[in-house]
2 protein chains.
Amino acid sequence: MARVVVDVMLKPEILDPQGQAVQRALPRLGFEGISDVRQGKRFELEVDGPVDDAALARIHELAETFLANTVIEDFTVKVEEVAEAAK
Amino acid sequence: MARVVVDVMLKPEILDPQGQAVQRALPRLGFEGISDVRQGKRFELEVDGPVDDAALARIHELAETFLANTVIEDFTVKVEEVAEAAK
């Protein structure tokens, strides 16, 4: 069992109204010094079996076709934790 | 300038219908071997000035009071990249 994290963020050139709303609210709430906020999605996938190159390629494909809209979004795939074989 | 990332995920004991919907759709789409999916939010904050302990404490407070609902959500704060002083 391993956890693979897929982060999906809007591309830098795409307007992010959610992030802007957060950023504009911050000074009002007393938090200064944050010049930009972008909001995206984080998917945590629990993968059965080993996370080898084939599994990662499959997850990459999954993220590209299903989790992200690659016209407007970028994504990254990261292996976050690999439990011991005994588990 | 530095980028600080705040990841906000539903607590493990809280039902995640979005993640479940993704997980259930995967076999239909030809992706087997993923036993669980959780979906959360990722905030990328561009911080002016140095990211020292005081700044991180402030961002922690911001995440706790504003970005996450700590009744149902957990969050993590990570410094992702620190640009050179020359920038």
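Cut-offs applied
Residues numbered from 1 in each chain as written. Chains lettered and ligands numbered in written order. Predicted model: local features only at pLDDT ≥ 70, side-chain atom pairs only at ≥ 80, totals over all residues. Heavy atoms only, no water. UniProt positions renumbered as here; feature names shortened; annotations may be inferred. Least-squares fit on C-alpha atoms with pLDDT ≥ 70 in both. Contact = heavy atoms within 4.5 Å. Buried area = accessible area lost by both parts, 1.4 Å probe. Salt bridge = Lys/Arg side-chain N within 4 Å of Asp/Glu carboxyl O. Helix = DSSP H or I, 4+ residues; strand = E, 2+ residues; numbered from the N terminus. Nonpolar A, V, L, I, M, F, W, Y, C, P; charged D, E, K, R; others polar. Pairing = 2+ DSSP bridges.

- In the annotation of an unreviewed UniProt entry, the entry for chain A reads Phosphoribosylformylglycinamidine synthase subunit PurS, and the organism field reads Streptomyces chilikensis.
- Database annotation for chain A, UniProt heading Subcellular location (unreviewed entry): "Cytoplasm".
- Note on chain A: under the UniProt heading Sequence similarities (unreviewed entry), the record states "Belongs to the PurS family."

1. A look at the relation of the copies chain A and chain B
Reasoning step 1: The two copies are related by a screw motion: chain A maps onto chain B through a turn of 180° and a shift of 0.0 Å along the axis, at an RMSD of 0.0 Å. The operation mapping one copy onto its partner corresponds to a two-fold rotation axis. Using C-alpha coordinates, one finds that chain A approaches the rotation axis most closely at A:Lys41, a distance of 2.3 Å.
Reasoning step 2: Comparing interface residues between copies, 100% of those in chain A also lie at the interface in chain B; the contact surface is shared.

2. A few points about the interface of chain A and chain B
Reasoning step 1: The interface is formed by 33 residues belonging to chain A together with 33 residues belonging to chain B.
Reasoning step 2: In total, about 2,800 Å² of surface goes out of reach between chain A and chain B, with carbon and sulfur atoms giving 62% of it.
Reasoning step 3: Area buried by chain A at its contact with chain B is led by A:Phe31, A:Arg42 and A:Phe66, which between them contribute 21% of it.
Reasoning step 4: Where A:Asp7 meets B:Arg42, a salt bridge forms, and the shortest distance between an N and an O atom there is 3.0 Å.
Reasoning step 5: Going through the elements one at a time, β1 (2–10), α1 (17–28), β2 (34–47) and α2 (53–67) of chain A are the ones with two or more residues in the side of chain A that touches chain B.
Reasoning step 6: For the side of chain A that touches chain B, the leading source of residues is β2(A), giving 14 residues.
Reasoning step 7: Of the residues belonging to the side of chain A that touches chain B, the class tally is 16 nonpolar, five polar and 12 charged.
Reasoning step 8: The sheet contact formed by β2(A) and strand β2 (residues 34–47) of chain B spans 13 bridges and is antiparallel. Its bridge partner lying in β2(B), A:Lys41 is registered against B:Lys41.

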